Structures are given as C-alpha cells and as structure tokens.
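# Analysis of the macromolecular model
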Amino acid sequence: MKVVQAYRFALDPVPAQERMLRSHAGAARFAWNWGLARCVERHAAQGRWYSGAELHRLWNAQKKADPALSWWAENSKCAYQEAFRDLDRALRDFVKSRNGQRQGRRLGFPRFKKRGRCRDSFRFSTGAIGCARAAVTLPRLGVIGTHESTRKLARRLEAGTARIMSATVSRTAQRWFVSFTVEVMRDIPERHLRPGSAIGIDLGVRTLLAGADDQGRVIEVRGPKPLRAALRKLKRASRAHSRTIPGSANRRKSAVRLARLHARVANVRADALHKATTDLARQYETVVIEDLNVAGMTRNRRLARAVCDQGFGQARRMLGYKTTWNGGRLLVADRFYPSSKTCSGCGTVKAKLSLSERVYRCGACGLALDRDLNAARNLLQLAASGAESINACRAAVGPGPAGHAVSKQEPGTRQRDKTRTAPRQHGTAT
Ligand SMILES: [Zn+2]
C-alpha cells in the first residue's frame, strides 16, 4: 500500500549555502506578499482573487518586465511558484473556514509576512532532490550536509520503494531543516499479529496516556511532561527576555535562547509520543480513543499548557497511521460520548465531573477508580459493543505540506480528521 510519510533532517549548511537558504526563504516571502497584494487589489476591483496558477503566470510576465525584480533569477523558480500555491491554499482554507466547511480553529485572512516575524520556509517540488549518507541534494543549493544519517530514506529510494514528492526547507530556532514528503510502498499485514486485541486509551492531562485492554491489563504512560519541567527554565528565560531592550543585541540573543528551549521541548514530547504509540499499535489490533476538541480546548489558556504539552492531536495522528501499518485500526469515539462521566462498572452517568476530580467515585455501585482509567475502560467497552457512536478514523497518513493526500477510510464513514500535518518520522533531537 502507498502511504505518504515525512522524513525530516536537520541541515548543516556551509556559510555560502546558508546565505542561499536565506535568499530562497526571502524569495518565497516576497512572492507570498507580492501575490497577496495582487489578490487584494483584484478583490477590491472585481470581487475575486487570483488562483495560484494565475499568479504564477502574472509573476512570470512581471519579473521580466520590471528591472527592479531582476534578482529573481538568483533563486530557484520553485520558491516563487510554491509560495503562490501556498497562498492559493491559504485563501481557499480561509473561505472554507468562514463557511464552516473546515474543521478546527477558525482561520483568518492570510497576512503579509514580515522578515524575522514569520517562519522562514520554502519548497521544491521538482528538480534534483535526493539524499545519500549524511547529505541531501536540493535544486540550486546542491549537496548540503545533514546533522544525522539519511540512511533509512536513502535505502528506500535505492530499492525503489519510495519516491520524493517535495522538499520543504524551514528554519526553527536558528537551525535549518529539510522535510521530504515521500510516497512509500509499505507492506501492510492482512491481519494484525494479535487478532481481536483491543485497548481503550484516554489521552490524559496528568499522564501521557492511560489504557485499559481487553485482558484487563492497565497501561499507564507517564509523559516526560517536558514543558512543565522546563517551564521554570523557560519562565526565567522569558523574564530575562522581557527585560532586554528592544532592538538590542541582548534581546536577539535571548530570543534565540527562548526559541531553542521551545524547540527542545517539542522534540522531547514528539519522541515520547512516538515510542508510546508505536508500542500500542504493535500490541493492539483495535485502539479506541476519544475525539477531543483540541482546537476548542487550546483556547482555555490554563489547560492549553497541559494539552499542548501532551500533544493530543499529535498522538491521535500517530495512532491513526501506525495502527494501519500494523494491520489494525483506530476508532474514535464521538466527542459527546461521556467517557469520563460514565461509571465503567455499572454504566451510571454523572451529571458533573470537574477536571480536578482525579478519582472517579460512583454513587450507585461504589466503584472508585482513577479517572483516566475509568474513561479508558469505557472506551474499550464501547469498542466491544460496536456502538454506532464510534467512527473509524482516517486510516492512512495525512498529506504532507505539498497537499498530496493519500487516505483510506472505512466504507460508509465520513472523513473526520482534516489535520494537514505530515508526521515526523526520522528527525533530530536537538
Ligand atoms: Zn457505578
């Protein structure tokens, strides 16, 4: 089966390459802003925007006619073209979000990008893209060293079981990364190694995840809680940052430090989730989780920290594709199923259960059980009963940043998750 996967590597560019990386990112930013200005103009006059292809044509005519734009040739034409595509998609997503056709957080109108205030990134979708040993090849930029080996992807490319669809270069906390969107042929077993095994998972606030399986076993994965642990460090760093003078060298330095701390936290969290979800997908054919409204929860600032810390959305996405790769499936209980408020012993539903109540105490049957575990047991029971409130989640992995989608659904189910992020497969932990 063909699946789309992302392979991400940290780059070690030499100074000349670093300059070219910056130049390409600048080109992409310029193209985005240029295209957005054209779209705003046209919308004011004719009530509609340009498509990505129209912008590209317009740009091709303009760049030759206007001597002030003669620098365009210093960068790959891909950088401009892909920026127009991104803008096209951003405008469409904005309309969909406004019309309620797009799940998740409401999207605003695309904004102009400002140097130093936006994410530096650009993409190649054609040309010489590849990797070997500890280096990648990119159009115009040539061979750039990587921070770690690219062996796993290189082997697949050699064997012909993978095809690179695009390469996105971006900068996070002063470090450049390349993320390949790759179409991979995977051998997916007909049946899971442990047919019939099932587990209910509660993605908790306190624990990374709590599970109850069909054998009555209890699984608890304590998250590294990297954010909370590093919070003091982060707090101190951000306080120090706010004391620095805007525009000063010290402020720049402290901003870099702050960004590094954030990036590190995200890496530790992703690694912990990868380990936990890989284990679960290997051990259980059916994994049941709750459909949490992550976008809605993140608005609550207190809880946001815990939610982001533990990465609900990330866990769910990982479980989605990893269960598929193992011949299993991920079931997502309806958002309104009261998994936490229901007694897993007798089925009584409580009217209220505050988040601070860590132990579920049933007034009807006297059951006292850890809150997360109680929820996990309910989810497991839901899977066994085959209740209609369960929907099969999108099985295969989501599309990469280039927007190519490969997805498989259970027949008759609606595609629920529209998250547009490719999973991080092989990355770095810096
Ligand atoms: Zn009870």
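Quick caveat: nothing in here was measured; it's all calculated off a predicted structure.

## Some remarks on the nonpolar core
- Ranked by size, the top nonpolar core spans 63 residues in total, and within it Phe 122, Val 136, Leu 138, Val 178 and Phe 180 carry the most contacts.
- A total of 9 residues in this core trace back to one element, the largest contributor, which is helix 1 (residues 15-46).
- Beyond its immediate sequence surroundings of up to four residues, Leu 138 is in contact with Phe 124, Ala 128, Ile 129, Ile 144, Ala 167, Val 169, Val 178 and Phe 180.
- Among the nonpolar cores identified, the runner-up in size contains 7 residues, and Val 288, Leu 331, Ala 333 and Leu 379 belong to it.

## Considerations on the coordination of the zinc ion
- Those protein atoms acting as donors to the zinc ion are Cys 343 (SG), Cys 346 (SG), Cys 362 (SG) and Cys 365 (SG), and they sit at 2.2 to 2.3 Å.
- Seen from the zinc ion, its 4 donor atoms lie at angles of 107 to 112 degrees, and the figure they make is tetrahedral.
- Donor residues for the zinc ion, ordered by position in the chain, follow C-x2-C-x15-C-x2-C. Taken as a pair, Cys 346 in the loop between strand 12 (329-333) and strand 13 (359-361) and Cys 365 in the loop between strand 13 and strand 14 (368-370) lie far apart in primary sequence, 19 residues in all.

## As for the environment of Cys 118
- In this structure, Cys 118 sits in the loop between helix 3 (77-98) and strand 2 (121-124).
- Spatially, the C-alpha atoms of Cys 118 and Arg 29 are 8.8 Å apart, while their sequence positions differ by 89 residues.
- Every residue in contact with Cys 118, bar those within four places of it in the chain, is listed here: Arg 29 and Lys 113.

## Looking at the side chain of Asn 33
- Along the chain, the position of Asn 33 falls in helix 1.
- Of the residues examined, Asn 33 reaches a relative accessible area of 19% and is grouped as buried.

## As for the packing of helix 1 against helix 3
- Remark: helix 1 packs on helix 3, axes separated minimally by 8 Å, with the N-to-C direction vectors making an angle of 45 degrees. Classified by the angle between their axes, helix 1 and helix 3 sit oblique to one another. Here helix 1 and helix 3 pass one another in a crossing that is right-handed. Contacts between helix 1 and helix 3 involve His 24, Ala 27, Ala 28, Ala 31, Trp 32, Trp 34, Gly 35, Leu 36 and Cys 39 from the former and Ala 79, Tyr 80, Ala 83, Phe 84, Asp 86, Leu 87, Ala 90 and Leu 91 from the latter.

## Points about unusual backbone geometry
- Phi at Arg 133 takes a positive value of approximately 45 degrees, unusual for a residue other than glycine.
- Inspection of the secondary structure assignment puts Arg 133 in the loop between strand 3 (130-132) and strand 4 (135-138).
- Residue class for Arg 133 comes out exposed when judged on its relative accessible area of 72%.
- Phi at Arg 140 takes a positive value of approximately 70 degrees, unusual for a residue other than glycine.
- Residue classification places Arg 140 among the partly exposed residues on the basis of a relative accessible area of 46%.

## Some words on the packing of aromatic side chains
- As enumerated under the stated definition, the model contains 13 aromatic pairs in all.
- Among the aromatic side chains, those forming a connected cluster through ring pairs are Phe 30, Trp 34, Trp 59, Trp 71, Tyr 80 and Phe 84.
- Looking at Arg 8, its charged tip hangs above the ring of Phe 177, at a distance of 3.9 Å from the centre.
- Over the aromatic face of Tyr 360 sits the side chain of Lys 350, whose NZ or CZ is 4.7 Å from the ring centroid.

## Quick word on the packing of helix 6 (residues 249-283) against helix 9 (residues 312-325)
- Taken N-terminus to C-terminus, the directions of helix 6 and helix 9 make an angle of 35 degrees; their axes are 9 Å apart at the nearest point. With respect to the hand of their crossing, helix 6 and helix 9 are arranged in right-handed fashion. Taking contact as the criterion, the partners of Arg 269, Ala 270, Leu 273, His 274, Thr 277, Thr 278, Leu 280 and Ala 281 in helix 6 are, on helix 9, Gln 314, Ala 315, Met 318, Leu 319, Tyr 321, Lys 322 and Thr 323.

## Thoughts on the confidence of the model for the protein
- Of the residues in the protein, 82% have a pLDDT of 70 or more, and the chain-wide mean is 81.
- Counted against residues more than four places away or in other chains, residues 393-430, with its pLDDT under 50, gives 102 contacts.

## Some words on the side chain of Thr 244
- Here Thr 244 lies in the loop between helix 5 (226-243) and helix 6.
- Looking at Thr 244, the relative accessible area reads 15%, which means it is buried.
- Polar side-chain contacts of Thr 244 include one of 2.4 Å to the backbone oxygen of His 241.
- Not counting chain neighbours up to four residues away, the residues in contact with Thr 244 comprise Asn 250, Arg 251 and Ser 254.

## So, the pairing of strand 1 (residues 2-12)
- Taken across its 11 residues, strand 1 has 9 buried, putting it largely inside the fold.
- Pairing of strand 1 with strand 7 (residues 175-185) involves 9 bridges; the strand directions are antiparallel. Along strand 7, the bridge assignment pairs Val 4 with Glu 183.
- Here strand 1 pairs with strand 5 (residues 142-146) via 2 bridges, running antiparallel.

## Here we look at the sheet that holds strand 7
- The 7 strands lie next to each other as 2-6-7-1-5-4-3, forming an open sheet whose pairing is antiparallel. Each edge of the sheet is formed by a strand with only one pairing partner; in this case those strands are strand 2 and strand 3. On average, adjacent strands in this sheet sit at an angle of 30 degrees to one another, irrespective of strand direction.

Cut-offs applied
- Residues numbered from 1 in each chain as written.
- Predicted model: local features only at pLDDT ≥ 70, side-chain atom pairs only at ≥ 80, totals over all residues.
- Heavy atoms only, no water.
- Core = buried A, V, L, I, M, F, W, Y, C linked by side-chain atoms within 4.5 Å.
- Buried < 20%, exposed > 50% of the residue type's maximum accessible area, 1.4 Å probe, protein only.
- Helix = DSSP H or I, 4+ residues; strand = E, 2+ residues; numbered from the N terminus.
- Contact = heavy atoms within 4.5 Å.
- Donors = N, O, S within 2.8 Å, 3.2 Å for Na, K, Ca; no water.
- Tetrahedral: all angles 85-135°; square planar, octahedral: opposite > 155°, others 65-115°.
- Axes fitted to C-alpha atoms, helices over the stretch in contact; angles between N-to-C directions.
- Parallel < 35°, antiparallel > 145°, perpendicular 65-115°, else oblique.
- Left-handed = near helix turned anticlockwise from the far one by under 90°.
- Phe/Tyr/Trp six-rings, centres within 6.5 Å; stacked < 30°, edge-to-face > 60°.
- Lys NZ or Arg CZ within 6 Å of the ring centre and 35° of its normal.
- pLDDT = per-residue confidence, 0-100.
- Polar contact = N/O pair within 3.5 Å; in protein donor to acceptor, adjacent residues only side chain to side chain.
- Pairing = 2+ DSSP bridges.

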